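# Summary of the model geometry
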Amino acid sequence: MKAFPSLLLALALSLPASAQTTLTLSQVRSRAVAHNIATRTADNAILQAREQQRQAFTNYFPQVSATGAGFKASRDMLKTSVATADLVPPSIAQLIPTEVAMLFPTSFSASLIDRGLTTGVTALQPVFVGGQIVNGNRLAKVNVEAKQLQAETSRNTVLLTAEQYYWQIIALKEKQKTLDAVAAMLSRLEHDATVAVQAGVAMRNDLLAVQLKQNEVESSRVKLDNGLGLARIVLAQYIGMGDSTIDIVADIDPQQLPAYPTIKTDPSQAVPATPEYRLLQKQVEASTLQRKMEVGKLLPSLGIGAGYTYYNMGKHMDNHFGMVFATVSIPISSWWGGTHAVKRSRLAEANAREQLADHTQLLKIRMQKEWNDVDDAYKQLQLARKSIDQSEENLRLNRDYYHAGTVTMNDLLNAQQQYQQCRDHYTDAFAQLQVKLVEYRQSIGQQ
């Protein structure tokens, strides 16, 4: 199972340089922002919030509804029986001869409405609903702004991760250069040791020690090459180039120590510029609007409207009419539970304000910590630079002492190993400083 990933990695490393896409740091950053799934998800959240804002705005419009109904009954819905005597007044009935009266039925039956149709349209314009529409629209706007701030924090996280991958690759490439330099030293040592052994002025174990060290360097190179290939694949996937073979451009010069960073900012002045602080402010604003909406639910609502109705219940019942009306609704029963909802929303608002004050202090502490990390990383880089100078001098002296016969080959190889470790430490310290600078800039609201 392990052989398959190793084969893929070997194929990726064997591709020609012309097939690779070479990127700078700025290109890595821009591609990470444009193609990483976290930023795309955050952008979609903004679009969703904007659609919700548009939906809230429609509450300003009249509520229009249309209804229609038709029916066919199995029998007449209105049916009655009327006596003839009830239809003729008694005074007139006395004047009708009996022979004539016998010609008429004693009663009449009437049946009406066995089918019908009714339609209507109503429009209701809310005039006052306790401020719920206004505050709902304000809340939707705050939600959009909050999503934008969350997208900014997601973008910062993506940029930081991309830079971490970037500097990891740079560090690995610099360690490759160090291994190349060490391999060249060992090649010269092997030549010198071979000549010395053949001349009988050195023991064969000196040559074996050099060759063992060469094997160790080659083993480190294999691990380093594999790690570098994997790091490139990870970065390519992170910036949306998963099907491409990428490389990056940058050099770390151990001979040139970078200047001390001068970007330190007063935390009290920097806090308002951070997206985290502004997001906390939006949370306070949202909780305030939610409290107002809960209060609005307990207030009377007023609306005005107009309607049109048409009905047909047979040829004798066909009519249509329009009307205007006003509605007033007082949510009396809602007061019982609504007062508790208002109290709950007030407590939520108080919590949001408490969190704003507390997290403001935490943001200041974070800024100070991030600056301390920058300062520590720079001092570690200074020490690493000094160690390189010392290890180079130590290596030079041991090389001279070995040729003079005053130290052993193992002493010389130990000096060479110390030199390699010091260069690797400087490379790691340099990459660490770059990452800490990004973290500090983001903590004070800079990109």
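### Quick notes on the overall build of the chain
For the chain, the helix and strand inventory stands at twelve helices and eight strands. Buried residues in the chain amount to 35% of all 447 residues. Put simply, 86% of the contacts in the chain that link residues at least 6 apart link residues at least 24 apart. Element-wise, carbon and sulfur atoms account for 57% of the exposed surface of the chain, whose accessible area totals about 26700 Å².

### So, the sheet that holds strand 2 (residues 63-72)
The four strands are arranged 2-5-7-8 in an open sheet whose pairing can be described as antiparallel. Strands with a single pairing partner mark the edges of an open sheet, and in this sheet they are strand 2 and strand 8 (318-329). On average, each strand axis in the sheet is inclined to that of its neighbour by 15°, with strand direction left out of account. Bridging between strand 2 and strand 5 (residues 115-128) involves ten bridges; their strand directions are antiparallel. Looking at the pairing, Gly68 lines up with Thr119 of strand 5.

### A word on the pattern of salt bridges
As enumerated under the stated definition, the model contains 23 salt bridges in all. The residue Asp247 makes a salt bridge to Arg232 at a minimum N-O spacing of 3.1 Å. One end of the pair, Asp247, is in strand 6 (residues 246-248); the other, Arg232, is in helix 8 (residues 204-238), and 15 residues separate them in sequence. Considered together, Asp247 and Arg232 belong to a single accessibility category, that of buried residues. Here Lys282 makes a salt bridge to Glu285, at a shortest N to O gap of 3.5 Å.

### Some words on the side chain of Asp206
If you trace the backbone, Asp206 turns up in helix 8. Setting aside anything within four residues of it in sequence, one finds Asp206 in contact with Tyr402 and Met409.

### What about the nonpolar core?
By size, the foremost hydrophobic cluster in this structure holds 68 residues, and its most contacted members are Val28, Ile239, Ile248 and Met409. Mapped onto this core, the elements with two or more residues apiece are helix 2 (25-35), helix 7 (132-199), helix 8, strand 6, helix 10 (275-296), helix 11 (334-404) and helix 12 (409-443).

### Focus on helix 3 (residues 37-57)
Between the first and last C-alpha of helix 3 there are 30 Å, a value that for 21 residues agrees with the 30 Å anticipated at 1.5 Å per step. Residues of helix 3 that are buried make contact with helix 2 and helix 7. Two to three positions downstream of the cap, the backbone nitrogen of Ala38 sits 2.9 Å from a side-chain oxygen, assigning the N-cap of helix 3 to Asn36.

### Topic: the packing of aromatic side chains
Evaluation of the coordinates by the stated rule reveals nine aromatic pairs. For the ring pair Tyr260 and Tyr378, a centre distance of 5.0 Å and an interplane angle of 90° mean the geometry is edge-to-face. Taken as a pair, Tyr260 in the loop between strand 6 and helix 9 (267-270) and Tyr378 in helix 11 lie far apart in primary sequence, 118 residues in all. For Tyr378, a relative accessible area of 6% corresponds to the buried category. Taken together, Tyr166, Trp167, Tyr426 and Phe430 form an aromatic cluster joined through their ring pairs.

### What about the environment of Gly307?
You can see Gly307 is positioned in strand 7 (residues 301-312). Remark: the alpha-carbon pair of Gly307 and Ala123, spanning 184 residues in sequence, is separated by 6.3 Å. In contact with Gly307, not counting residues within four places along its chain, are Val121, Thr122, Phe321, Gly322, Met323 and Phe325.

### A word on the environment of Tyr311
Within the element layout of this structure, Tyr311 appears in strand 7. Given the relative accessible area of 25%, Tyr311 is considered partly exposed. Separated by ten residues in the primary sequence, Tyr311 and Phe321 have C-alpha atoms spaced 9.2 Å apart. Residues within four places of Tyr311 in sequence aside, it is in contact with Leu117, Thr118, Met317, Asp318, Asn319 and Phe321.

### Concerning the packing of helix 7 against helix 12
In contact at an axis separation of 10 Å, helix 7 and helix 12 are set at 165° when each is read in the N-to-C sense. When the axis of helix 7 is compared with that of helix 12, the two are roughly antiparallel. Where helix 7 crosses over helix 12, the two elements pack in a sense that is right-handed. For the contact of helix 7 with helix 12, the residue count by class is 18 nonpolar, eight polar and seven charged.

### What about the side chain of Asn137?
Following the sequence through the fold, Asn137 ends up in helix 7. Judged by relative accessible area, which is 11%, Asn137 ranks as buried. What Asn137 contacts, discounting residues up to four positions off in sequence, is Gln53, Ala56, Phe57 and Tyr60.

### Overview of the confidence of the model for the chain
Caution applies to low-pLDDT parts of the model: their predicted coordinates are not meant to be read in detail. For the chain, the average pLDDT comes to 86, and 86% of its residues sit at 70 or higher. For the chain, per-element mean pLDDT is lowest for helix 1 (residues 3-13), which scores 42, and highest for helix 10, which scores 95.

### Concerning the pairing of strand 7
Across eleven bridges, strand 5 lies against strand 7 in antiparallel orientation. Opposite Leu124, over in strand 7, you have Gly305 as the bridge partner. Both strand 7 and strand 8 contribute to a ladder of twelve bridges, which runs antiparallel. Opposite Leu302, over in strand 8, you have Val328 as the bridge partner.

Rules behind the numbers
Residues numbered from 1 in each chain as written. Predicted model: local features only at pLDDT ≥ 70, side-chain atom pairs only at ≥ 80, totals over all residues. Heavy atoms only, no water. Helix = DSSP H or I, 4+ residues; strand = E, 2+ residues; numbered from the N terminus. Buried < 20%, exposed > 50% of the residue type's maximum accessible area, 1.4 Å probe, protein only. Contact = heavy atoms within 4.5 Å. Areas by Shrake-Rupley, 256 points an atom, 1.4 Å probe, with all protein chains shown as cover. Pairing = 2+ DSSP bridges. Axes fitted to C-alpha atoms, helices over the stretch in contact; angles between N-to-C directions. Salt bridge = Lys/Arg side-chain N within 4 Å of Asp/Glu carboxyl O. Core = buried A, V, L, I, M, F, W, Y, C linked by side-chain atoms within 4.5 Å. Expected span 1.5 Å × (residues − 1). Polar contact = N/O pair within 3.5 Å; in protein donor to acceptor, adjacent residues only side chain to side chain. Phe/Tyr/Trp six-rings, centres within 6.5 Å; stacked < 30°, edge-to-face > 60°. Parallel < 35°, antiparallel > 145°, perpendicular 65-115°, else oblique. Left-handed = near helix turned anticlockwise from the far one by under 90°. Nonpolar A, V, L, I, M, F, W, Y, C, P; charged D, E, K, R; others polar. pLDDT = per-residue confidence, 0-100.

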